[in-house]
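# A look at the structure
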Amino acid sequence: MKAVPDLIAGVDRKLDALAGQSLMRRLRVADSPCAPRQVVDGRAMLAFCSNDYLGLAAHPDVIEALREGAGRYGAGSGASHLVSGHSRAHALLEGRLGEWMAPHLEQARALYLCTGYMANLAILTALGADSDAMIFSEALNHASLIDGARLAKAGVTVYPHGDVDALAAQLAASSAGTRIVVTDSVFSMDGNLAPLPALLALCERHGAWLVVDDAHGFGVLGARGRGALEHFDLRSPNLVYMGTLGKAAGVGGAFIAAHASVIELLVQRARPYIYTTAAPPALAHALQASLDIIGGEEGTRRRAHLAALVAHLRDALRLQRWQLLPSHTAIQPVIVGSNDEALRAAAGLHEQGLWVPAIRPPTVAPGTARLRMTLCAAHSHDDVALLARALNELERATA
Ligand SMILES: *Cc1c(COP(=O)(O)O)cnc(C)c1O
C-alpha cells in the first residue's frame, strides 16, 4: 500500500526540480486548425510557432483529399506494411516521391513511414547495424537522429557544428567498415543550412554515406520545393534522404529516398518500419494534394511570399541585447539567454496575443534559451510587422 505514494513522490521531486530550473513545459490546447490565426485554450492568438511553412495543414484542397481518401481507403490501415497494411495509396505516394527525388539519387526509390522520428531510427539502425560501423553525427542534430544513433549497433562520433575540416580529420582517422555521416539540412533550432556540397564531396572521397534530414527543407527549399538536394543541386549514390511530410507538406508522416537497394534493405530490416501499423492510407492520399500544390505554381507563389516575409521580419527587428540568428529560412530564432528571461519574453508576447515558443535546454545548449519564431506562407506582412514591433518594444521594456 505504501509503495505507490513513494513512487509518485519520487516523480514529483523530478518535476519540482524541472520547475526550479524554469524547465517545465506546458501543453496548450488548440481549438482550431493549425493556421496563423488560431484559437488556443479558448483565446484568439496570432501564432508564430508551427512548421506548417506553406500553410497547407488547413488548405481546402488537402482537407478535401483527406476526406476523399477516407472514403476510398477507410480510416485505418489495419496492419503493418509487410502484413496487410500496405495500401495502394501508400504505393502511389511512394512512386511519386521516388520520381521527385530521382534527379538527386541513383535508381531512386522512396518509402513512406509514420513519422520522421521513426524514419531517422530506421535509417540509422539499418545502415549502422554492424558493430564495426561508425556514425559521424553533427553536433546540432535533431533528437531523433541522436536517438537513432544510440539505438544503432554502430559507434558514434560527434563532429562540431558545421565543421567540415574536423569531420574530414575524423573520417581520415577512422578504420570503420561502414561510415555514415548524418546531418540536419536546416538546423531546427537555429535555421541555418548545413554545408551539404562540402559534406557530400567529403563522403564521396571516403566512401561514406551522407544521410540528410530535410525535415525543414522539403517543400520550402529548391525552385520546385523538392528540398535541400534541389537547393544545392546535388546528386550522388552516397545520399540517403529523409523528408518529413507533417511540416511544409501539412499532413503527417515522412519518407526516405535512396538507391532502391538501400530502400529494400529498410523494408527487410528496419524495425521502425516493420513493427508498426502502417499510417492511415487517407494521409498518403491527402499528401498527393500537398505535392500537387508544392510542385505547382501555387507552391512557387507561396515560397516567394514566405521569403518576402522572412526578409521583412529581419529588416524590421531592432534588437540590442537579444541576438537574432543569421538564418534565411522560415525558422527565425532570437537568443535571449537564460531560461527565465526567455520564458518571461514568451509570456510578454502571449499577453499581447502573440504565440511564440520559448525553447530551452535540453533542446538547445544551456544559456542559449531562445524565442523560436517560425513564419509561414499564410502569414501577412501586417502579421510580421506586429510581431517585430512587439519584440522590439519587449526587449527595451525588459532591459
Ligand atoms: C520534426 C523533425 C523530425 C521528426 O519528424 P516528425 O515527422 O515530426 O516525427 C526529424 N528531424 C528534424 C530535423 C525535425 O525537425
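Cut-off values and rules
- Residues numbered from 1 in each chain as written.
- Predicted model: local features only at pLDDT ≥ 70, side-chain atom pairs only at ≥ 80, totals over all residues.
- Heavy atoms only, no water.
- Near = heavy atom within 4 Å.
- Polar contact = N/O pair within 3.5 Å; in protein donor to acceptor, adjacent residues only side chain to side chain.
- Areas by Shrake-Rupley, 256 points an atom, 1.4 Å probe, with all protein chains shown as cover.
- Helix = DSSP H or I, 4+ residues; strand = E, 2+ residues; numbered from the N terminus.
- Phe/Tyr/Trp six-rings, centres within 6.5 Å; stacked < 30°, edge-to-face > 60°.
- Buried < 20%, exposed > 50% of the residue type's maximum accessible area, 1.4 Å probe, protein only.
- Axes fitted to C-alpha atoms, helices over the stretch in contact; angles between N-to-C directions.
- Left-handed = near helix turned anticlockwise from the far one by under 90°.
- Contact = heavy atoms within 4.5 Å.
- Nonpolar A, V, L, I, M, F, W, Y, C, P; charged D, E, K, R; others polar.
- Patch = residues over 30% accessible without salt bridge, like charges linked within 9 Å, V, L, I, M, F, W, Y side chains within 5 Å.
- Salt bridge = Lys/Arg side-chain N within 4 Å of Asp/Glu carboxyl O.
- UniProt positions renumbered as here; feature names shortened; annotations may be inferred.
- 1 Å grid on protein atoms, 1.4 Å probe; cavity = no way out; pocket = protein on both sides within 12 Å on 5 of 7 lines; lining within 4 Å.
- Domains from an automatic or database assignment.
- Buried area = accessible area lost by both parts, 1.4 Å probe.

### Re the site of the ligand
Gly116, Tyr117, Asp213, His216 and Lys247 are the nearest of the 13 residues found near the ligand. Separating an oxygen atom of the ligand from a backbone N or O atom of Tyr117 is a distance of 2.9 Å. Between Asp213 and the ligand, the recorded distance is 2.5 Å, taken from a side-chain N or O atom to a nitrogen atom. Taking 380 Å² as the accessible area of the ligand by itself, protein coverage stands at 82%. Counting residues per element, the shell around the ligand draws most heavily on helix 5 (residues 116-127), at three residues.

### With respect to the packing of aromatic side chains
A full pass over the atoms with the stated rule returns three aromatic pairs. Ring geometry for Trp100 and Phe218: centres 6.0 Å apart, planes at 40°, overall tilted. Highlighted residues: Trp100 in helix 4 (residues 88-101) and Phe218 in the loop between strand 7 (209-213) and helix 9 (228-232), separated in sequence by 118 residues. Relative accessible area serves as the criterion here: at 0%, Phe218 is assigned to the buried category.

### Topic: the packing of helix 5 against helix 6 (residues 143-151)
Their axes nearest at 8 Å, the elements helix 5 and helix 6 cross at an angle of 35°. Judged by the sense of rotation from one axis to the other, the crossing of helix 5 with helix 6 is right-handed. Mapping the contact onto sequence places Tyr117, Asn120, Leu121, Leu124 and Thr125 in helix 5 and Ser144, Leu145, Asp147, Gly148, Ala149 and Leu151 in helix 6. Of the residues belonging to the contact of helix 5 with helix 6, the class tally is six nonpolar, four polar and one charged.

### Overview of the side chain of Ser80
Within the secondary structure, Ser80 is located in the loop between helix 2 (60-73) and helix 3 (81-85). Excluding residues within four positions of it along the chain, Ser80 makes contact with Gly85, His86, Ile274, Thr276, Thr277 and Ala278.

### Notes on the side chain of His379
As for its position among the elements, His379 is in the loop between strand 14 (369-374) and helix 15 (381-397). For His379, the side chain forms a polar contact with the main-chain oxygen of Ala47, separated by 2.8 Å.

### Some words on a nonpolar patch on the surface
A cluster of nonpolar side chains, Val11, Leu15, Leu18 and Met24, forms an exposed patch at the surface whose accessible area comes to about 310 Å². Take Met24: it is sitting in the loop between helix 1 (3-20) and strand 1 (37-40).

### Let's talk about the UniProt feature "binding site: pyridoxal 5'-phosphate" (unreviewed entry) in the protein chain
Mapped onto this structure's residue numbering, the UniProt feature "binding site: pyridoxal 5'-phosphate" (unreviewed entry) falls at Gly116, Tyr117, Ser188, His216 and Thr244. Across 129 residues of sequence, these annotated residues stay compact in space, with a maximum C-alpha separation of 13.5 Å. Lining the largest pocket, from the residues just named, are Ser188 and His216. Note on placement: Gly116 falls in helix 5. You can see Tyr117 is positioned in helix 5.

### Observations concerning the domain arrangement of the protein chain
Entries for the protein chain in the domain assignment read domain 1 (27-58 + 297-397) and domain 2 (60-295). Computed from C-alpha coordinates alone, the two centres of domain 1 and domain 2 are separated by 26 Å. Domain 1 puts 23 residues into the contact, and the matching count from domain 2 is 25 residues. Together, the buried faces of domain 1 and domain 2 total about 1,800 Å²; carbon and sulfur atoms form 61% of this surface. Interface area lost by domain 1 to domain 2 is led by Tyr53, Leu56 and Arg303, which between them contribute 32%. Viewed at the interface, domain 2 and domain 1 are joined by one salt bridge. The tally of links between domain 1 and domain 2 comes to eleven residue pairs in polar contact (both at pLDDT 80 or more). Looking at the side of domain 1 that touches domain 2, the elements that each hand over two or more residues are helix 13 (297-316), strand 11 (331-337) and strand 14. No other element matches the five residues that helix 13 contributes to the side of domain 1 that touches domain 2. Split by residue class, the side of domain 1 that touches domain 2 holds eleven nonpolar, seven polar and five charged.

### Observations regarding the pattern of salt bridges
Once the charged atoms of two side chains with opposite charge are near each other, the side chains can pair. For the structure on display, the rule yields 13 salt bridges. Among the salt bridges present, the one from Arg109 reaches Glu264, with a minimum N-O distance of 2.7 Å. Taken together, the residues span a long stretch of sequence, with Arg109 in strand 3 (residues 108-113) and Glu264 in helix 10 (residues 260-269) at a distance of 155 residues. Owing to a relative accessible area of 33%, Glu264 belongs among the partly exposed residues under this scheme.

### Details of unusual backbone geometry
In this structure, the amide linkage connecting Pro361 to the following residue, Pro362, adopts the cis form with an omega of 10°. Structurally, Pro362 is set in the loop between strand 13 (358-359) and strand 14. You will see that Asp233, though not glycine, has its phi angle at about 55°, which is positive.

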